[in-house]
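Per-entry structural report
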Amino acid sequence: MTKLIGVFMAFVALANAVKVPVTIYYESLCPDSAKFISEQLFPAVKNELRDHVDIKWVPFGKSTYTTQGSEILFTCHHGPNECYGNKVHACAIEHIQASSYQTEYTRESLILNFIHCMMKAGKNFPDNVYPGAKCARESHVSTWENIQQCANSTDGERLLMAHGQTTNAFQNPLISVPTVVFKEQYDPKVSMRAQTDFLGALCKYVPQPQPKVCEANSSGVSIVVAPLLVLFIYLIQILA
C-alpha cells in the first residue's frame, strides 16, 4: 500500500509540473480581443497562476495573406493599421527576452505585460503617437527598437505569415475572434466561457493541489487529476 500511495503521489507531482497550454487566437485592434485580454486573461494569470499556464499567442485572427514573389500582402479584419499591429505583436513575441538584470520578470511575463498594454491602448492614441515605445517602457521591455525594426521589415511579414499558417491550420477561416484553446483541444463552449470567466475555465485544467485562487473558484475536481483518482481507486480494488 505504501508503494501504491508513492506511485500515486508521483503521478500528482508530475501533473503539477506540467503547465496548462493555452492558445489565444486574436487580433491587435479587435475590441473583443482587447476586452478578453484586459478583463479576463491578464487579471487571471498576472500573479498566482502565471506559473501554471503556458500561453501561445497567435495575432492573426480573420486576416488573410497572399504572396507576390518575395512580397507578402496582408488584408486584416480591422484595416491596414491592424496589419501593422499584428506584425508588432508577432515581432514582440519573437524578440522579447528576459534579462539577467530583470530577475523579477520572465520572458512570458514580459510578453504578457507588453501585449496587455498594447491591447488596452487599442486604436485610441491621445497624442497620435503609436504606443509601442510607451508600452515597452511600462512593461520593462528593453528590445523595442528590435521589435519596431522587425515590424517594418520582411521579418515582420514572415513572422505574421507564420501566425497565419498556424491559424489556418487550426481553422480556416477562423470563426470567432478571440478563440481560446486549452491543451490543444478546441471546444467552442469552453472558448466562449473563457471569454467571460477565464479563471474558471483555466482552473478546470490546473491539477491538484490547486492554487488558492482556483480553490476559491472551484466547482469540482480538476479534470487533470480526476483520471488519476479513478486509476488510484481501481488499483486499490484489484490489490485489496
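As recorded in an unreviewed UniProt entry, the chain goes by GILT-like protein 1 and comes from Glossina fuscipes. Taken directly from UniProt, the Sequence similarities (unreviewed entry) text for the chain runs: "Belongs to the GILT family."

Some thoughts on the nonpolar core
In this structure, Trp 57, Phe 114, Phe 182, Phe 198 and Leu 202 are the most contacted members of the largest nonpolar core, which totals 49 residues. Here the element with the most residues in this core is helix H4 (residues 107–121); it accounts for eight residues. Excluding residues within four positions of it along the chain, Leu 202 makes contact with Val 20, Val 22, Val 45, Leu 49, Val 53 and Phe 182. Within the second largest apolar cluster, seven residues are counted, among which are Ile 72, Phe 74, Cys 76 and Cys 83.

Comments concerning the sheet that holds strand S5 (residues 179–182)
Reading across the sheet, the three strands line up as S2-S1-S5 and stay open at both edges, with mixed pairing between neighbours. Strands with a single pairing partner mark the edges of an open sheet, and in this sheet they are strand S2 (53–59) and S5. The mean inter-strand angle of the sheet, taken between neighbouring strand axes irrespective of direction, is 15°. Of the strand pairs in this sheet, strand S1 (residues 20–26) and S2 are connected by seven bridges, and their pairing is parallel. Bridge pairing in S2 places Thr 23 opposite Lys 56. Along the sheet face, helix H3 (residues 80–95) touches S1 and S2 and points at about 145° away from the line of S2. Each of S1, S2 and S5 is contacted by helix H7 (residues 154–170), which is oriented at about 105° to S2, the strand it contacts most.

Remarks on the state of the cysteines
Per the stated rule, a full pass over the model turns up four disulfides. The disulfide that involves Cys 91 links it to Cys 150, with 2.1 Å between the sulfurs. For the disulfide bridge between Cys 91 and Cys 150, the dihedral angle about the S-S bond is near -70°, and by the sign convention the bridge is left-handed. In this pair, Cys 91 is assigned in helix H3 and Cys 150 in helix H6 (residues 144–151), connecting sequence segments 59 residues apart. Assessed through its relative accessible area of 0%, Cys 91 is described here as buried. When its relative accessible area of 4% is taken as the criterion, Cys 150 is described as buried. Taken N- to C-terminal, the disulfide-bonded cysteines of the chain are connected 1-2, 3-6, 4-5, 7-8.

Considering H4
Over its 15 residues, H4 runs 21 Å from end to end, which matches the ideal 21 Å to within 8%, given 1.5 Å per residue. Inspection of H4 places Ser 109, Leu 110, Ile 111, Leu 112, Phe 114, Ile 115, His 116, Cys 117, Met 118, Met 119 and Ala 121 among the buried residues, and these make up the whole buried set. Residues of H4 that are buried make contact with S1, helix H2 (31–45), S2, H3, helix H5 (132–138) and H6.

Parameters and conventions
- Residues numbered from 1 in each chain as written.
- Predicted model: local features only at pLDDT ≥ 70, side-chain atom pairs only at ≥ 80, totals over all residues.
- Heavy atoms only, no water.
- UniProt positions renumbered as here; feature names shortened; annotations may be inferred.
- Core = buried A, V, L, I, M, F, W, Y, C linked by side-chain atoms within 4.5 Å.
- Buried < 20%, exposed > 50% of the residue type's maximum accessible area, 1.4 Å probe, protein only.
- Helix = DSSP H or I, 4+ residues; strand = E, 2+ residues; numbered from the N terminus.
- Contact = heavy atoms within 4.5 Å.
- Pairing = 2+ DSSP bridges.
- Axes fitted to C-alpha atoms, helices over the stretch in contact; angles between N-to-C directions.
- Disulfide = S-S within 2.5 Å.
- Expected span 1.5 Å × (residues − 1).

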